[in-house]
Amino acid sequence: MGDSKRRKETLGENYGKEERFLPWLPVTKAQAEQLNRITITGAWIGIGILVAGWVTIRFIGPAFGWWQLTGLQ
């Protein structure tokens, strides 16, 4: 008997279905990985926006005379 037949007998009606990330959560492993990729991408976009804002506030704005930084010594 082949391995796939044994697996089919063992799993029963769950054979061929994708495994869930957590048994009580209706999210498959592929969906969890996709969510992970999306959140990592979003985090890097947020970091980029934060850095661009800091550079603008700290260097670009004062260089063009848009505002002055206070508290510099």
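Before reading on, note that the structure itself is shown above.
The structure displayed is predicted, hence computed values, not measured ones.

Here we come to the packing of aromatic side chains. Scanning all chains against the criterion turns up three aromatic pairs. Ring geometry for Phe 64 against Trp 66: centres 5.3 Å apart, planes inclined by 25°, an arrangement best described as stacked. For Phe 64, a relative accessible area of 60% gives the class exposed. Here the aromatic cluster, defined as three or more aromatic residues joined through ring pairs, consists of Phe 64, Trp 66 and Trp 67.

Taken together, Trp 54, Ile 57, Phe 59, Ile 60, Phe 64, Trp 66 and Trp 67 make up a surface patch of nonpolar side chains, about 820 Å² in accessible area. Along the polypeptide, Phe 64 turns up in the segment after helix H2 (29-63).

About the criteria used
Residue numbers here run from 1 along each chain, matching the order of that chain's written sequence. Reporting in this predicted model follows two pLDDT cut-offs: at least 70 for local features of residues, and 80 or more for side-chain atom pairs to be given and counted; totals over whole chains, interfaces and linings ignore these cut-offs and use all residues. Derived side-chain values reflect all non-hydrogen atoms in the structure, with water molecules and hydrogen atoms excluded from consideration. For this analysis, a ring pair means two rings from Phe, Tyr or Trp (six-membered ring only for Trp) whose centres lie within 6.5 Å, classed as stacked if their planes differ by under 30 degrees, edge-to-face if by over 60, and tilted for the remaining angles. Using a 1.4 Å probe on the protein chains alone, a residue whose accessible area is under 20% of its type maximum counts as buried, one over 50% counts as exposed, and one in between counts as partly exposed. Each patch groups residues whose relative accessible area exceeds 30% and which form no salt bridge, using 9 Å between like charges and 5 Å between nonpolar side chains of Val, Leu, Ile, Met, Phe, Trp and Tyr. Only the protein chains shown count as cover for residues, with accessible areas throughout obtained via the Shrake-Rupley method and a probe of 1.4 Å. Take a side-chain nitrogen of Lys or Arg and a carboxyl oxygen of Asp or Glu: if they are within 4 Å of each other, that pair is a salt bridge. Each helix corresponds to a stretch of at least 4 residues labelled H or I by DSSP, and each strand to a stretch of at least 2 residues labelled E; elements are numbered beginning at the N terminus.

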